[in-house]
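Understanding the architecture of this molecule
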Amino acid sequence: MANKPSGLPKAPKPAGSDPGYPLAASLEGRKSIVIGRGAECDVVIKDPKASRRHCQLTRAEAGFILEDLKSRNGTSVNGERIQSPVTIKANQAFKVGDTVFYIAP
């Protein structure tokens, strides 16, 4: 098994898939990704509480910038709903609907 890239978020696969996969491929060569239910998103999740275009994750020098894209149910970091873009770092989690993403060290 190959070593997992560090500092990249991991999330569960859509329902019915094996649990856990790195988002490294989605972020590779990109500055940012959009997460949501819509087929146009870079990371598509099958979560009925997620909006079509739910949030955006952007690489930053100090980690990642997470921004909610005016989703209906909001985006949470460490259990708190964000109101504006926030910096997230290793060992922090964020939630989109019922799907939890974890930033690995």
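Residues numbered from 1 in each chain as written. Predicted model: local features only at pLDDT ≥ 70, side-chain atom pairs only at ≥ 80, totals over all residues. Heavy atoms only, no water.

1. Regarding the overall build of the protein
- For the protein, the helix and strand inventory stands at one helix and 11 strands.
- Each helix and strand of the protein, placed in order from N terminus to C terminus, yields the pattern β-β-α-β-β-β-β-β-β-β-β-β.
- Looking at the protein as a whole, 39% of its 105 residues qualify as buried.
- Long-range contacts, defined as pairs at least 24 residues apart, comprise 33% of the intrachain contacts of the protein with a sequence gap of at least 6.
- Total accessible area computed for the protein in this model is approximately 6300 Å², and 47% of it derives from carbon and sulfur atoms. (Helix = DSSP H or I, 4+ residues; strand = E, 2+ residues; numbered from the N terminus. Buried < 20%, exposed > 50% of the residue type's maximum accessible area, 1.4 Å probe, protein only. Contact = heavy atoms within 4.5 Å. Areas by Shrake-Rupley, 256 points an atom, 1.4 Å probe, with all protein chains shown as cover.)

2. Focus on the environment of threonine 75
- Locating threonine 75 in the fold gives a position in strand β7 (residues 75–77).
- Look at threonine 75 and you get buried, because its relative accessible area is 0%.
- Spatially, the C-alpha atoms of threonine 75 and phenylalanine 94 are 7.0 Å apart, while their sequence positions differ by 19 residues.
- Those residues in contact with threonine 75 that sit more than four places away from it in its chain are His54, Cys55, Leu66, Asp68, Glu80, Arg81, Ile82, Phe94 and Lys95.

3. Things to note about the side chain of aspartate 47
- Mapped onto the fold, aspartate 47 is located in the loop between β4 (43–44) and β5 (55–60).
- Polar side-chain contacts of aspartate 47 include one of 2.9 Å to the backbone nitrogen of lysine 49.
- Side-chain polar atoms of aspartate 47 contact the side chain of threonine 99, separated by 2.8 Å. (Polar contact = N/O pair within 3.5 Å; in protein donor to acceptor, adjacent residues only side chain to side chain.)

4. Some remarks on the environment of glutamate 40
- Within the fold, glutamate 40 resides in the loop between β3 (32–36) and β4.
- Apart from the residues within four sequence positions on either side, glutamate 40 is in contact with Arg52 and Arg53.

5. Overview of the pattern of salt bridges
- The tally for this structure, following the rule as stated, stands at two salt bridges.
- Among the salt bridges present, the one from aspartate 42 reaches arginine 30, with a minimum N-O distance of 2.4 Å. In this pair, aspartate 42 is assigned in the loop between β3 and β4 and arginine 30 in the loop between α1 (24–27) and β3, connecting sequence segments 12 residues apart.
- Owing to a relative accessible area of 38%, arginine 30 belongs among the partly exposed residues under this scheme.
- Taking the shortest distance from any N to any O, the salt bridge between aspartate 98 and lysine 49 comes out at 3.5 Å. (Salt bridge = Lys/Arg side-chain N within 4 Å of Asp/Glu carboxyl O.)

By themselves, these observations are geometric and do not establish any function.
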